[in-house]
Amino acid sequence: MDINNLSPVNNPELKEAIKAAKQNPSTETTVRLLNEVVKARLLAPVSMDRDPEYDAKINEVVLEKDTQISFELIKSGNGDLYYPVFTDGPEMKKCEIDKDQHSLIVNFDDLAAMLLQPQNAVAGFVINPMSDNICFSTEMIAAMKKDMEKENQKDGE
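Residues numbered from 1 in each chain as written. Predicted model: local features only at pLDDT ≥ 70, side-chain atom pairs only at ≥ 80, totals over all residues. Heavy atoms only, no water.

**Some points on the overall build of the chain**
A count of helices and strands for the chain gives five helices and nine strands. Mapped in sequence order, the helices and strands of the chain form the string α-α-β-β-β-β-β-β-α-β-α-β-β-α. The C-alpha atoms of the chain give a radius of gyration of 16 Å, which matches the 15 Å a tight globule of 157 residues would have. By principal-axis analysis of the C-alpha atoms, the chain measures approximately 45 × 40 × 35 Å. (Helix = DSSP H or I, 4+ residues; strand = E, 2+ residues; numbered from the N terminus. Rg over C-alpha atoms; globule rule 2.2 N^0.38 Å.)

**Some remarks on the nonpolar core**
Counting 24 residues, the largest nonpolar core has Leu33, Val37, Val85, Phe125, Ile127 and Phe136 as its most contacted members. For this core, the secondary structure elements donating two or more residues are α1 (12-23), α2 (27-39), β1 (41-48), β6 (81-85), α4 (108-115), β8 (124-127), β9 (134-137) and α5 (138-156). The element contributing the most residues to this core is α4, with five residues. Discounting residues that sit within four places of it in the chain, Phe125 has contacts with Val37, Tyr82, Tyr83, Val85, Phe108, Leu111, Leu115, Ile134, Cys135, Phe136 and Ile141. Of all hydrophobic cores here, the second largest spans five residues; its members include Val9, Phe86, Met92 and Cys95. (Core = buried A, V, L, I, M, F, W, Y, C linked by side-chain atoms within 4.5 Å. Buried < 20%, exposed > 50% of the residue type's maximum accessible area, 1.4 Å probe, protein only. Contact = heavy atoms within 4.5 Å.)

**Looking at the confidence of the model for the chain**
For the chain, mean pLDDT is 87; residues scoring 70 or higher make up 92% of the total. Considering each helix and strand of the chain separately, the mean pLDDT is smallest for strand β3 (residues 60-62), with a value of 73, and largest for β8, with 97. (pLDDT = per-residue confidence, 0-100.)

**Focus on the side chain of Thr87**
Note that Thr87 resides in the loop between β6 and α3 (89-93). Setting aside residues up to four positions removed in sequence, Thr87 forms contacts with Val9, Asn10, Asn11, Leu14, Lys15, Ile18, Leu42, Ile127 and Asn128.

**Structural notes on the sheet that holds β8**
Taking strand neighbours across the sheet as the criterion, the four strands line up as β5-β6-β8-β9 in an open arrangement whose pairing is mixed. Two strands in the sheet have a free side with no partner beyond their single neighbour: β5 (74-75) and β9. (Pairing = 2+ DSSP bridges.)

**Details of the packing of aromatic side chains**
Applying the stated criterion to the full structure yields three aromatic pairs. Both rings, one in Phe71 and one in Tyr83, keep their centres 5.9 Å apart while their planes meet at 70 degrees; by these two values the pair is edge-to-face. Residue Phe71 is found in strand β4 (residues 69-71), and its partner Tyr83 is found in strand β6; the two are separated by twelve residues along the sequence. Grouping aromatic residues by their ring pairs yields a cluster made of Phe108, Phe125 and Phe136. (Phe/Tyr/Trp six-rings, centres within 6.5 Å; stacked < 30°, edge-to-face > 60°.)

**Re unusual backbone geometry**
A positive phi angle, close to 70 degrees, is found at Asp66, a residue other than glycine. Mapped onto the fold, Asp66 is located in the loop between β3 and β4. In this model, Asn128 sits at a positive phi of 50 degrees, which is unusual for a non-glycine residue. Along the chain, Asn128 falls in the loop between β8 and β9.

**Section: the pairing of β9**
Here β9 shows a clear split, with Ile134 and Phe136 buried on one side and none of Cys135 and Ser137 buried on the other. Direction of pairing for β8 relative to β9: antiparallel, over a ladder of four bridges. For Val126, the partnering residue across the bridge sits in β9 and is Cys135. Here β8 hands over to β9 after six residues, with Asn128 in that stretch at a positive phi of 50 degrees.

What follows is the structure, encoded as structure tokens:
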């Protein structure tokens, strides 16, 4: 997978929500930002022990069984580790990334599942760390998941 051909992920609504929340931090812009983060598909840089294969018949990238995937981490000023995620290819290119770097498309639920495991030592995830630098701590993610579950229960009544 060539980092220069990252095109499937594009988040104009999320980028606009980030911009609005930075320009005018209010409850309304923050709620909009959180809603867009939950809906977004984001790029996460990863290392793999073997390259994925492209299957032209099904038009998908396929990983061999037992492929080891390691998510990249970045360290904050206070030493906490975060998963960097990106709204699109151009944002990801701003990071110093190995040419052999791969990326996975992840969503909020994927990140929450990784971060809310008991043995997790990662402090959260950060969107576009080289520009927007929007941090979501594990505590914030847990609260958002709890709110989402409450909403789903209400909808199911």
